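Chain by chain, the residues:
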Amino acid sequence: MATQAQAQMFDAAGLNSTPGSNVRSWTLTSAGNKGYAATISTTKTIYDMALLTYLIAFGHFTSEICFFRTAKINLPVLSPVIVSTASLIWMLKQYDFYVAP
């Protein structure tokens, strides 16, 4: 049974469709990447990959809201924008601390 938040983000067909599978695959891949970066945060390549995943998430959700207008502004849609924005700001501010030049 889908929650109200899931119903707002996906229609019933979208949960089992190919785009829905792509979203689940991306989420799992992204989570693995970020988890790996959290344990090995001093490696520049790994840190940059994690930074890039947040940038992609920010760009994707912002474009869905602002440019394509395929998502309505509500909490389930704004949550990834807030998390990716906060993470990007924090990671950029702490870049030199974690990745020695």
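Preceding block: the structure.
What counts as what
Residues numbered from 1 in each chain as written. Predicted model: local features only at pLDDT ≥ 70, side-chain atom pairs only at ≥ 80, totals over all residues. Heavy atoms only, no water. Patch = residues over 30% accessible without salt bridge, like charges linked within 9 Å, V, L, I, M, F, W, Y side chains within 5 Å. Areas by Shrake-Rupley, 256 points an atom, 1.4 Å probe, with all protein chains shown as cover. Salt bridge = Lys/Arg side-chain N within 4 Å of Asp/Glu carboxyl O. Helix = DSSP H or I, 4+ residues; strand = E, 2+ residues; numbered from the N terminus. Buried < 20%, exposed > 50% of the residue type's maximum accessible area, 1.4 Å probe, protein only. Expected span 1.5 Å × (residues − 1). Arc of directions from axis to C-beta. Polar contact = N/O pair within 3.5 Å; in protein donor to acceptor, adjacent residues only side chain to side chain. Core = buried A, V, L, I, M, F, W, Y, C linked by side-chain atoms within 4.5 Å. Contact = heavy atoms within 4.5 Å.

Tell me about a nonpolar patch on the surface, and name the residues and values.
A grouping of W26, L52, L55 and I56 is seen on the molecular surface, where their side chains present a nonpolar patch of about 370 Å² in accessible area. For the nonpolar patch, the element with the highest residue contribution is helix 3 (residues 44-66), accounting for 3 residues. Its location among the elements puts L52 in helix 3. Using a relative accessible area of 46% as the deciding quantity, one classes L52 as partly exposed.

Describe unusual backbone geometry, listing the residues and the values that go with them.
Of note, the phi angle at R69 is positive, near 55°, even though the residue is not glycine. Given a relative accessible area of 66%, R69 falls into the exposed group.

How would you sum up the pattern of salt bridges? Please name residues and give values.
Using the criterion set out here, one finds 1 salt bridge in the structure. The partner of D48 in a salt bridge is K44, and the shortest N-O contact between them spans 2.6 Å. Placement of the pair is D48 and K44 together in helix 3, with a separation of 4 residues, close to one helical turn. A relative accessible area of 25% places D48 in the partly exposed class.

Quick one: what's the story with helix 4 (residues 75-93), residue by residue and with numbers?
The end-to-end C-alpha distance of helix 4 is 26 Å, a good match for the 27 Å that 19 residues give at a rise of 1.5 Å each. Within helix 4 the residues assigned to the buried category are P76, V77, V81, S84, S87, L88 and M91. All buried residues of helix 4 fall inside an arc of 150° around its axis, so they share one side. Opposite the buried face of helix 4, at more than 90 degrees from it, the exposed residues are L75, I82 and K93. Where helix 4 begins, one side-chain oxygen reaches toward the backbone nitrogen of V77, 3.1 Å away; that side chain belongs to N74.

Outline the nonpolar core, supporting the account with residue identities and numerical values.
If you look at the biggest cluster of nonpolar residues, it comprises 10 residues: A37, I46, Y47, A50, L51, Y54, L88, M91, Y95 and V99. Going through the elements one at a time, helix 3 and helix 4 are the ones with two or more residues in this core. When near neighbours in sequence (up to four residues on either side) are disregarded, Y54 contacts K34, S84, S87, L88 and M91.

Tell me about the side chain of S84, and name the residues and values.
For S84, the location among the structural elements is in helix 4. Those residues in contact with S84 that sit more than four places away from it in its chain are Y54, A57 and F58.

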